[in-house]
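Inside the fold
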Amino acid sequence: DVLGSRGLGDVYKRQILRASIDGTLLTIEISDKGRGIADIPQAMEPFFTTHPEQERSGMGFAVMQTFMDDLRVTSTPGQGTTVRMKKRILTTPIM
């Protein structure tokens, strides 16, 4: 549990960050018990934001997709979200 609890009220009660390396594959998983995402395909569209009145560009998922080999998002409204990213990082496995 790297991220712990942040002072954001009921929005994010707890975040969990997990990372592993299996041979040449880095896997990073981030989970929260927040509001969840009702429409994942819409949330993954470049420039989509739930706060258009703020100075946010809505590029989070688009940037992640650019730099990762695989990005998967699962979410249940009212229960939370998990983002799993995978990236090949080396040509030879770590011993």
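Residues numbered from 1 in each chain as written. Predicted model: local features only at pLDDT ≥ 70, side-chain atom pairs only at ≥ 80, totals over all residues. Heavy atoms only, no water.

Topic: the overall build of the chain
What counts here: For helices the rule is a DSSP run of H or I covering at least 4 residues; for strands it is a run of E covering at least 2, with both sets numbered from the N terminus onward. Per-residue accessibility, obtained with a 1.4 Å probe over protein chains only, is compared with the maximum for each type, and a residue is labelled buried under 20%, exposed over 50%, and partly exposed between these values. Throughout, a contact is declared for two residues whenever any of their heavy atoms are within 4.5 Å. Only the protein chains shown count as cover for residues, and the accessible areas themselves come from Shrake-Rupley with a 1.4 Å probe.
Summing up its helical and strand segments, the chain has two helices and four strands in all. Ordering the α and β elements of the chain from the N terminus gives β-β-α-α-β-β. Per-residue burial for the chain yields a buried fraction of 24% across its 95 residues. A separation of at least 24 residues holds for 46% of the contacts in the chain among residues at least 6 apart in sequence. Total accessible area on the chain is roughly 6,900 Å²; 54% of this is exposed by carbon and sulfur atoms.

Brief notes about the confidence of the model for the chain
The following threshold applies: Looking at any residue, its pLDDT shows the predictor's confidence there, from 0 to 100.
Looking at the chain as a whole, the pLDDT averages 82, with 83% of positions reaching at least 70. When the criterion is pLDDT under 50, residues 1–10 qualifies, and its contacts beyond four places in sequence or with other chains add up to 12 contacts.

Overview of a nonpolar patch on the surface
The test is simple: Patch membership is restricted to residues that have no salt bridge and whose relative accessible area is over 30%. Joining uses 9 Å for like charges and 5 Å for the nonpolar side chains Val, Leu, Ile, Met, Phe, Trp and Tyr. What counts as a salt bridge is simple: a side-chain nitrogen of Lys or Arg found within 4 Å of a carboxyl oxygen of Asp or Glu.
Together, Ile21, Ile89 and Leu90 give the surface a local cluster of nonpolar side chains, amounting to about 240 Å² of exposed area. In this fold, Ile89 is placed in the segment after β4 (80–88).

Observations regarding the pairing of strand β2 (residues 25–32)
Side chains on a regular strand alternate between the two faces of the sheet. As a reminder of what qualifies: What makes two strands pair is DSSP finding at least two bridges between them.
Within β2, six of the eight residues are buried, which leaves it mostly tucked inside the rest of the structure. Strand direction decides the pairing type here: strand β1 (residues 15–22) and β2, joined by eight bridges, are antiparallel. Across the sheet, the residue bridging to Leu17 is Ile30, located in β2. Connecting the antiparallel pair β1 and β2 is a turn made up of two residues, with Gly23 showing a positive phi of about 65 degrees. Bridge count between β2 and β4: eight bridges; the pairing is antiparallel. Of the residues in β4, the one forming a bridge with Glu29 is Arg84.

Topic: the side chain of Thr81
Worth spelling out the cut-off: Two N or O atoms count as a polar contact when they lie within 3.5 Å, although within protein this holds only if one can serve as hydrogen donor and the other as acceptor, and sequence-adjacent residues are included solely when both atoms are side-chain atoms.
On the secondary structure map, Thr81 appears in strand β4. Residue classification places Thr81 among the buried residues on the basis of a relative accessible area of 10%. Looking at Thr81, its side chain comes within polar contact range of the side chain of Ser75, at 2.7 Å. When near neighbours in sequence (up to four residues on either side) are disregarded, Thr81 contacts Ile30, Ser31, Asp32, Gly36, Ile37, Val73, Thr74 and Ser75.

A word on unusual backbone geometry
Peptide bonds are, in most cases, trans, and in most cases residues other than glycine have a negative phi. The phi torsion at Phe47 lies on the positive side, around 75 degrees, for a residue other than glycine. One can find Phe47 in the loop between α1 (40–43) and α2 (60–67).

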